[in-house]
Amino acid sequence: MRIEFQPAYVLHTRPYRDTSLLLDLLTPDFGRIGAVAKGVRRGKSQRRPLLNPFIPILVSFGGRSSLKTLTAVEADGIGHRLAGLSLYSGFYVNELIVRLLGEQDPNPDLFDDYRWTMNALSTNPADASPEPVLRQFEWRLLDGLGYGISFTEEADTGEPVRADALYRFDPEAGFIPTYSSRDPQETPKLFVGSDLLACAQADFSQPQTLMTAKRLSRLMLHPLLGNKPLKSRDLFRPAGW
């Protein structure tokens, strides 16, 4: 198989042998692929500067095994300029994709969502939290993987979520109306309808809604990530996240 000029982003790199790199690439037509870029760590390789995260590129590759060989790479636009919390957020997004997206699973919508996310992070004001962007990406990713849930319909009845009602989150179903919980372990799984409706509209103007969204994302992602922590989350600890 030989593929020419496929849009791509580098998600992760690691050294391979003496002069090469192993790459995790996100592409629209082939999903996440592993590829080896031979010789790019030797001397002043013209390809090496392009093989960094957050740079839109066009790649050509071939090979019969799951590990492809990169044969060409060129820029496909200006790289996204990320700094501070936005940079850490970019690494977090990349790690999520590497952990959750299977190899060679085509997902053009996810590629578009990723490009939107990088644009949003690069234009996010330095004094503004990137959390609203991250929550939207997480939920789009979960939708694309088949684990999305409705924020506007009750799981057991299909009736509209009521702003004044209390709901218990079920990872396999969604939001189920409840009245109270005497079990302290259930409290993190309880959500107010008004916050869910705000999340559905991506309205994070209220601090409570943003806190709710983060708590919900953790609950949704945990069954997929398991107990192995995300390394990129350590970057946020000095900022108190």
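For the structure, see preceding data.
Below or above, wherever it landed, is the structure these notes cover.

Scoring rules and cut-offs
- Residue indices begin from 1 for each chain and proceed along its sequence in written order.
- Thresholds applied to this predicted model are a pLDDT of at least 70 for local features of residues and 80 or more for the giving and counting of side-chain atom pairs; totals over whole chains, interfaces and linings are not thresholded and use all residues.
- Water and hydrogen atoms play no part in the side-chain values, which are based on all heavy atoms of the structure.
- Runs of E in the DSSP output that reach at least two residues are strands. Runs of H or I that reach at least four are helices, and both are numbered from the N terminus.
- Burial classification: accessible surface area is computed with a 1.4 Å probe over protein chains only, and a residue below 20% of its type maximum counts as buried, one above 50% as exposed, and the rest as partly exposed.
- Contacts were defined at the residue level, with two residues in contact if any of their heavy atoms lie within 4.5 Å.
- To estimate the expected span of a helix, count its residues, drop one, and scale the result by 1.5 Å.
- Stacked, edge-to-face and tilted labels apply to pairs of Phe, Tyr and Trp rings (six-membered ring for Trp) whose centres lie within 6.5 Å, assigned for plane angles under 30 degrees, over 60, and everything in between, in that order.
- Two conditions define a charge sitting above a ring: the NZ of Lys or the CZ of Arg must be within 6 Å of the ring centre, and it must be within 35 degrees of the ring normal.
- Two strands make a pair as long as DSSP finds a minimum of two bridges between them.
- Lines fitted to C-alpha atoms define the axes, with helix axes restricted to the stretch in contact, and inter-axis angles between N-to-C directions lie between 0 and 180 degrees.
- Whenever two N or O atoms come within 3.5 Å, that pair is a polar contact, provided that in protein one can donate a hydrogen and the other can accept it, and provided that, for residues adjacent in sequence, both atoms are side-chain atoms.

### A few points about the overall build of the protein
In step 1: Secondary structure summary: the protein contains five helices and eight strands in total.
In step 2: Starting at the N terminus and ending at the C terminus, the protein contains elements arranged as β-β-β-β-β-α-α-α-β-β-β-α-α.
In step 3: Projected onto the principal axes, the alpha-carbon positions of the protein cover approximately 65 × 40 × 30 Å.
In step 4: Here the protein, with 241 residues, has 43% of them falling under the buried criterion.
In step 5: Within the protein, contacts between residues separated by at least 24 positions form 59% of all contacts whose residues are at least 6 apart in sequence.

### Points about helix α2 (residues 108-123)
In step 1: Helix length check: α2 (16 residues) gives 23 Å between terminal C-alpha atoms against 22 Å at 1.5 Å per residue, within 8%.
In step 2: Residues of α2 that are buried include every one of Leu110, Phe111, Asp113, Tyr114, Thr117, Met118, Ala120 and Leu121, and no others.

### What about the packing of aromatic side chains?
In this description, a pair of aromatic rings is defined by centroid distance and the angle of the planes.
In step 1: All told, the structure shown has ten aromatic pairs when counted by the stated rule.
In step 2: Residues tryptophan 139 and phenylalanine 151 carry aromatic rings whose centres are separated by 4.8 Å and whose planes lie at 50° to one another, so their mutual orientation is tilted. Within this pair, whereas tryptophan 139 is found in helix α3 (residues 131-144), its partner phenylalanine 151 is found in the loop between α3 and β6 (166-170), the two being separated by twelve residues in sequence.
In step 3: Aromatic pair tryptophan 139 and phenylalanine 204: ring centres 6.2 Å apart, planes at 40°, arrangement tilted. Separated by 65 residues along the polypeptide, tryptophan 139 in helix α3 and phenylalanine 204 in the loop between α4 (193-200) and α5 (207-225) bring together distant segments of the chain.
In step 4: Taken together, the ring pairs in this structure connect Trp139, Phe151, Phe169, Phe175, Phe191 and Phe204 into an aromatic cluster.
In step 5: Looking at arginine 140, its charged tip hangs above the ring of tryptophan 116, at a distance of 4.2 Å from the centre.
In step 6: A cation over a ring is seen here: arginine 215 above phenylalanine 191, with NZ or CZ 4.2 Å from the ring centre.

### Focus on the sheet that holds strand β5 (residues 67-75)
In step 1: In space, the five strands of this closed barrel follow the order β1-β2-β3-β5-β4, with mixed pairing throughout. Within the sheet, the average angular offset between the axes of one strand and its neighbour, ignoring direction, is 55°.
In step 2: With six bridges connecting them, strand β4 (residues 57-62) and β5 associate as antiparallel partners. Along β5, the bridge assignment pairs phenylalanine 61 with leucine 70.
In step 3: Across the sheet, helix α1 (residues 84-100) lies against β1 (2-16), β2 (20-27) and β3 (31-37), angled at about 105° from β1, the strand it touches most.

### As for the pairing of β1
In step 1: In the sheet, β1 pairs with β4 via five bridges, with the strands oriented antiparallel. For alanine 8, the partnering residue across the bridge sits in β4 and is isoleucine 57.
In step 2: Connecting β1 to the next strand, β2, in antiparallel fashion are three residues, including arginine 17 with a positive phi near 55°.

### Describing α4
In step 1: Every buried residue of α4 is accounted for by Gly193, Asp195, Leu196, Ala198 and Cys199.
In step 2: Looking at the buried side of α4, the elements it contacts are α3, β6, β7 (174-178), β8 (190-192) and α5.
In step 3: One or two positions beyond α4, positive phi appears at alanine 202, with a value near 55°.

### What about the side chain of serine 45?
In step 1: Relative to the helices and strands, serine 45 resides in the loop between β3 and β4.
In step 2: Residue classification places serine 45 among the buried residues on the basis of a relative accessible area of 17%.
In step 3: Engagement of the side chain of serine 45 in a polar contact is seen with the backbone nitrogen of arginine 47, the distance being 3.2 Å.
In step 4: At 3.5 Å, the side chain of serine 45 and the backbone nitrogen of arginine 48 are in polar contact.
In step 5: If near-sequence neighbours (up to four positions away) are discounted, serine 45 is found in contact with Gly39 and Val40.

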